[in-house]
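Spelled out from the first residue to the last, the chains are:
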Amino acid sequence: MHCCWHDSAVTSVPGQTQLAGRRRALWVRGSAIASVALFALVVLWLALERILGSSRGLDLSDEGLYLLAADPPNLQAAWGFPFGWHTRPLFWLVGHDIATFRTLGAVVLVVCTGWLGWVAARTIIRGPLRSWRDTSLWFAAITPVVGGIGSLVYYASMLRTPSYNWLNIVGIAIASAATLTLVSRDLAARPGRPVPILLAAVSSFALFATFPAKPTTLPLMLVLSTGLLLMVVGWRTAARWAAWNVVLLPVWLVFAVLLRIWPTDFLQVFKLALQMPAPDPLQTSSYAVRASLLLPQDLLRGFADIKEKPALLLMVALVVLAIPVLKNRHWIAVRLIGFGLATLAALAIAGVPIRVLSPAGEAIGLAHAPLTTASIVMLIAALLMAARLTDSLEYRVDRRLRWAVIAFLALLAFVFSFGSGNGIHPQAAVASGFILLAAAFCLAAPHIGRDRLVLVTAVLLGTVLLAGAAVASGWRYPYRSAPLADQQVSTAVGTHGSELMLDQKLADTINGLREQGMVAGWQEGTPLVDVSYTWNPSIGYALGAKVPNFLQLTIFGYSAAHDITDFHLTEPYRDFPFHESWLLTTRNTLLDPGAQGAVTFTMDKISAVSGRAFPASYACVAAGDFVLWRPVDSPEQARQDCDG
């Protein structure tokens, strides 16, 4: 008995040593991976901070909305829906510093889209990655870079503050990557394999994150991902995937309420958001469906009106790339020529000053929705052809997989842009299309040869050039702002000590309003209603004002603007001290008669609610392009000494 016990103890020592060695090896490997990942994130952070100019510039309209929605106490500040519920934790995490908030948003977007590119490649390769000589390994390594760099096209207009569009596209990228991961795992597994709960949880969380930004994304993505699984891996896996995604949604909702990310009366908030008149008919579900169905007609109409040389060159590139596909020939040189022409056209569309195509260097596509969408669709189609989708019949099953994934990825652009005010919105088309470039080029074939690796490398180069052109165009022509190179004056913005580099005119405007307002009694938290044309909520944020949560109160320029004003001022669901509120207007001499009429309508409505006539019950305390008004109790205090 004693002997046997002694032998067992002796023989167990080598096993314990081997186990300890394996644990040590795993720990070393894990530490190395974590160190490399951390180093890569730091480099990515510093690069994006510099590339996007995170500390420069401020758009007075849209970015003000994004900041107000993410900054307490505006729990329900919303553009239709309260997307700020989910951007607020990120803003809090970075100490409410605007520049850091922008950089964090860019890092998250690039990482998510890089992951999507990697997963798409692995879905197509469906095999082990062996040595560095294996072209599949290089193929898989390039695709996340393409996906990550391609996402920078989203910042072509330099609206860098995380918003409802940002939240929507990040959620779509994560949910898509989770779905493709399940596809790749399930193809290699036995039939009827259970859905990994972790993947379903990731997908469900991503879809839940998009809900306050655009509620249509969740059901549309759920239908799309379930359809892909149904086509590729069968109805059982598809049904389980849909079930787990739906079942886990209440879990995230409970966490959001318990952590006070969502308010307890969230149902009332969504109810009122749904009751509010849509600013544009295209932002209703019925018109959004109609716009999607009529997209081919819109594209044809856009092509019929094309006069720009870059778009014409893009069509020529498509024809060149179609020739070897139709002929079922290899012709790598022809494909590269076609891809080169397509890239050249895309660079001109993005704003590169190419003398023959676009000497001015303006981003021609950003202002023309049909042309932009058509160009993106054309370019993606051209690149898919460059990836050589025609294979021999022996790969019939793989072809079905590739085309199923193609359909899945192509429809993501429409999920993103469904219900946007411009139909298939230019930004939606650009962001969705180019972020998914990596996945598109993964669809080359189940076996990645050297010629296809050359094409994917060319795609990487084209994506780098395109993203660089888009960012360069954004630096020169940012949305409603001066060129970023002119943003040189450090200016305090908001109540948290955040500072941005602004152009001299905007810096003088904000500092002038702040200084003159403080002389007249302005302090942080003073209620302010922005009635400036066309709507400039960034001023209120920069001054640290208390603003109405219903930020669409004074949204001018939409067909339903008056209906929105009536709705918000007749519904008593928001508590705001209109009687004590200051007003921000635009100097009358800067407005045309139509704009003056729109402002007068809104001012009359506000006067009826506040009980104060304008301008008789207000004193002008600061004037320039913007005019700041303080409420007073007697006509003698008003002293109208500036042009309102």
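Anything mentioned here points back to the structure above.
Rules used in this analysis
- Residues numbered from 1 in each chain as written.
- Predicted model: local features only at pLDDT ≥ 70, side-chain atom pairs only at ≥ 80, totals over all residues.
- Heavy atoms only, no water.
- Helix = DSSP H or I, 4+ residues; strand = E, 2+ residues; numbered from the N terminus.
- Buried < 20%, exposed > 50% of the residue type's maximum accessible area, 1.4 Å probe, protein only.
- Lys, Arg positive; Asp, Glu negative; His and termini not counted.
- Salt bridge = Lys/Arg side-chain N within 4 Å of Asp/Glu carboxyl O.
- Core = buried A, V, L, I, M, F, W, Y, C linked by side-chain atoms within 4.5 Å.
- Contact = heavy atoms within 4.5 Å.
- Axes fitted to C-alpha atoms, helices over the stretch in contact; angles between N-to-C directions.
- Parallel < 35°, antiparallel > 145°, perpendicular 65-115°, else oblique.
- Left-handed = near helix turned anticlockwise from the far one by under 90°.
- Nonpolar A, V, L, I, M, F, W, Y, C, P; charged D, E, K, R; others polar.
- Pairing = 2+ DSSP bridges.
- Phe/Tyr/Trp six-rings, centres within 6.5 Å; stacked < 30°, edge-to-face > 60°.

Peer 1: Go over the environment of Arg-88, please, and point to the residues and values.
Peer 2: The residue Arg-88 is located in helix H3 (residues 84-93) in this model. Taking the relative accessible area as the measure of exposure, Arg-88 reaches 9% and is therefore buried. Residues Arg-88 and Pro-162, spaced 74 residues apart in sequence, show a C-alpha to C-alpha distance of 9.7 Å.

Peer 1: Any chance you could break down the side chain of Asp-503 for me, citing the residues and the numbers?
Peer 2: The topology assignment puts Asp-503 in the loop between strand S2 (499-502) and helix H20 (504-519). Although Asp-503 is buried, it forms no salt bridge, and the closest oppositely charged side chain is Lys-505 at an N-O distance of 7.2 Å.

Peer 1: Could you give an account of the nonpolar core, naming the residues involved and the relevant values?
Peer 2: Phe-83, Tyr-155, Leu-180, Met-221, Leu-228 and Trp-241 are the most contacted members of the largest nonpolar core, which totals 78 residues. Apart from the residues lying within four places of it in its own chain, the contact partners of Tyr-155 are Leu-52, Gly-105, Ala-106, Leu-109, Arg-160 and Trp-166. Counting 32 residues, the second largest nonpolar core, distinct from the first, contains Leu-58, Trp-522, Ile-539 and Ala-622.

Peer 1: Describe the packing of helix H7 (residues 197-210) against helix H9 (residues 235-258), and please don't skip the residues or the numbers.
Peer 2: Packing of H7 against H9 leaves a shortest axis separation of 8 Å and a crossing angle of 60°. Put simply, H7 runs oblique to H9. Crossing geometry of H7 relative to H9 is assigned as right-handed. Contacts between H7 and H9 involve Ile-197, Leu-199, Ala-200, Ala-201, Ser-203, Ser-204, Phe-205, Leu-207 and Phe-208 from the first element and Trp-241, Trp-244, Asn-245, Leu-248, Leu-249, Trp-252, Leu-253 and Ala-256 from the second. The class makeup of the residues in the contact of H7 with H9 is 14 nonpolar, three polar and no charged.

Peer 1: Outline the sheet that holds strand S4 (residues 582-586), listing residues and values.
Peer 2: Hydrogen bonds along the backbone pair up the strands of a sheet, which may run parallel or antiparallel. The strand order across the open sheet formed by four strands is S3-S4-S6-S5, and the pairing between neighbours is mixed. With partners counted over all chains shown, the strands left at the sheet margins are strand S3 (528-530) and strand S5 (618-623), one partner each. Taken pair by pair, the neighbouring strands of this sheet meet at an average axis angle of 25°, ignoring direction. In the sheet, S5 pairs with strand S6 (residues 626-631) via five bridges, with the strands oriented antiparallel. By the bridge assignment for S6, Ala-619 is matched with Arg-630.

Peer 1: How would you summarise the pairing of S6 if you had to cite specific residues and measurements?
Peer 2: Along a regular strand, successive side chains alternate from one face of the sheet to the other. S6 sits mainly inside the fold: five of its six residues count as buried. Between the antiparallel neighbours S5 and S6 lie two residues.

Peer 1: Outline the pattern of salt bridges, listing residues and values.
Peer 2: Counted by the stated rule, this structure contains four salt bridges. Salt-bridge contacts for Glu-63 lead to Arg-102; the nearest nitrogen and oxygen are separated by 3.1 Å. Of the two residues, Glu-63 is situated in helix H2 (residues 62-70) and Arg-102 in helix H4 (residues 98-125); the sequence distance between them amounts to 39 residues. Here the two residues Glu-63 and Arg-102 agree in accessibility, since each one is buried. Lys-605 is paired through a salt bridge with Asp-566; the nearest N and O atoms lie 2.9 Å apart.

Peer 1: So what about the packing of aromatic side chains? Which residues, and what values?
Peer 2: Per the counting criterion, the structure on display carries 19 aromatic pairs. Note on Phe-81 and Phe-270: the rings are 6.1 Å apart at their centroids and 35° apart in plane angle, and the pair reads as tilted. Highlighted residues: Phe-81 in the loop between H2 and H3 and Phe-270 in helix H10 (residues 266-275), separated in sequence by 189 residues. Assigned by exposure class, Phe-81 and Phe-270 land together as buried. Relative to Phe-578, the ring of Phe-576 lies with its centre 5.2 Å away and its plane at 75°, an arrangement referred to as edge-to-face. For the pair shown, Phe-576 and Phe-578 are each scored as buried. By way of ring pairs, the aromatic residues Phe-81, Trp-85, Phe-208, Phe-211, Trp-262, Phe-266 and Phe-270 are connected into one cluster.

Peer 1: Kindly report on the environment of Lys-605, identifying the contributing residues and their values.
Peer 2: For Lys-605, the position within the fold is in helix H23 (residues 593-610). Lys-605 sits 43 residues away from His-562 along the chain, and the two C-alpha atoms are 9.7 Å apart. When neighbours within four sequence positions are excluded, Lys-605 is seen to be in contact with Thr-565, Asp-566 and Leu-569.

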